[in-house]
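# A structural walkthrough
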Amino acid sequence: MKLFLLGFCLFGVLLHSQSSNRRHSRLVLTNANVIDIRTGTIAAAMTVLIEDGRITHIAKLALVPQSRNVTLVNASGKFLLPGLWDMHVHSAFAEAPWDEKIIYPLYIANGITGIRDMGGNEDLLKQRRDAIREGHLLGPHMFIAGPFLAMGKADAQTIPVPNAEDAKRAVDFVKADGFDFVKILSNVPRDSYFAIAEEATKQKITFAGHVPYSISAQEAANAGQRSIEHLSGILLACSSREQEIRKSELEALAARNYAAFSKLGGGILASY
């Protein structure tokens, strides 16, 4: 993320960029209104120096040696802010992946320089991430999940984790196959969930996703789950009947009684 976040140390000093034997690509933006998202303030008429694709200095004035590798752009009082992140996308579902030459440039056009892809066609996601990194495809930095860890049958984007041993192997696969984090779904069994948490910690890889029906939101937080998607488990965590309703939910799911499961939602709301 540091590649895309603006370092908001605004120094009111004269910036002098020393020349060197190396040939740098320098982009200089002048007369830019820099938005500091930490304080909510705007620093007017600033000069921003970008060297080899990285923001290196922000100051009122800048002195940059003349070179063929320097591009000077007058921002004309427009606004400059950090690149945005879309933290939950699915850009390459196996069934209907977005056209890579449309979806990824659209992110850039709207100021989104990073996306957190929460799962899809694993091979396609890696190909697209690599194409962006290598400069062959215009798009944001991609932080991608591995295949979904869930119950059910294996398919193009799911690894079944019916028990703790399978869960640990799944985490090992996600790490070894070059994904950025582990994604879990709501139907992961309790033993498998804690095996995922343990193995993810051991392998030093983040795990995130849904709070499974068998786990409380508090347990997920304590286990090190990095994020809770869709606020799954949060509403139940706010119920005075949390334990009782979770037990009923698990019984209904075990019996495949989805009508009874759905009715329990009213009890969660009533006991908020």
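Residues numbered from 1 in each chain as written. Predicted model: local features only at pLDDT ≥ 70, side-chain atom pairs only at ≥ 80, totals over all residues. Heavy atoms only, no water.

## With respect to the environment of P212
Rules: Secondary structure is summarised from DSSP: a helix means a run of H or I of at least four residues, a strand means a run of E of at least two, and numbering begins at the N terminus for each. Buried residues are those whose accessible area, probed at 1.4 Å on protein chains only, stays under 20% of the maximum for their type, while exposed residues exceed 50% and partly exposed ones sit between those limits. Every residue pair with non-hydrogen atoms within 4.5 Å of one another is taken to be in contact.
Counting through the fold element by element, P212 comes out in the loop between β12 (206-209) and α5 (217-223). Judged by relative accessible area, P212 falls into the buried class, the value being 1%. Taking the C-alpha atoms as reference points, P212 and I184, 28 residues apart in sequence, are found 8.0 Å from one another. Not counting residues within four places of it along the chain, the set of residues in contact with P212 comprises I184, L185, S186, V188 and Y193.

## Observations regarding helix α3 (residues 164-176)
Condition: One less than the residue count of a helix, multiplied by 1.5 Å, gives the span that helix is expected to have. Directions pointing from the helix axis toward each C-beta atom define the arc.
End to end, α3 covers 18 Å across 13 residues, agreeing with the expected 18 Å (1.5 Å per residue, within 8%). Among all positions of α3, only A167, A170, V171 and V174 are buried. Looking straight down α3, one finds its buried side chains confined to an arc of 100 degrees; they lie on one side. Of the surrounding elements, those touching the buried residues of α3 are β9 (141-150), β10 (158-160), β11 (181-184) and α4 (190-203). Backbone geometry just downstream of α3 places G178 in the positive-phi region, at approximately 90 degrees.

## Description of the nonpolar core
Note the threshold: Nonpolar core, defined: a set of buried Ala, Val, Leu, Ile, Met, Phe, Trp, Tyr and Cys residues in which side-chain atoms within 4.5 Å join the residues together.
Within the largest apolar cluster, 36 residues are counted, with the highest numbers of intra-cluster contacts made by Y104, L149, V182, I184, Y193, I196 and F207. Going through the elements one at a time, α1 (100-109), β8 (112-117), α2 (122-133), β9, α3, β11, α4 and α5 are the ones with two or more residues in this core. Per-element accounting of this core gives the leading share, five residues, to α4. In this structure, V34, A43, V48 and I50 belong to the second largest nonpolar core, which totals seven residues.

## Remarks on a nonpolar patch on the surface
For the record, the criterion: Two joining distances apply to patches: 9 Å for like charges and 5 Å for nonpolar side chains (Val, Leu, Ile, Met, Phe, Trp, Tyr), and every residue must have over 30% relative accessible area and no salt bridge. Surface accessibility follows the Shrake-Rupley procedure with a 1.4 Å probe radius. Residue values consider only the protein chains on display as shielding. What counts as a salt bridge is simple: a side-chain nitrogen of Lys or Arg found within 4 Å of a carboxyl oxygen of Asp or Glu.
Residues L235, L269 and Y272 make up a contiguous nonpolar surface patch of roughly 370 Å² in combined accessible area. Inspection of the secondary structure assignment puts L269 in helix α8 (residues 258-270).

## A short note on the pairing of strand β7 (residues 84-89)
Note the cut-off: In this analysis, strands are considered paired if DSSP registers two or more bridges between them.
As defined by bridge partners, β7 adjoins β8 across four bridges and the pair is classed as parallel. Bridge pairing links L84 to I112 in β8.

## Overview of the environment of S271
This is how the line gets drawn: Polar contact is the term for a pair of N or O atoms within 3.5 Å; when the atoms are in protein, one must be able to donate a hydrogen and the other to accept it, and sequence-neighboring residues count only if both atoms are side-chain atoms.
Along the chain, the position of S271 falls in the segment after α8. Separated by 31 residues in sequence, S271 and S240 place their C-alpha atoms 5.6 Å apart. Aside from chain neighbours lying at most four places away, what touches S271 is C238, S239, S240, R241 and I245. Of note is the side chain of S271, whose polar atom sits 2.7 Å from the backbone oxygen of G267.

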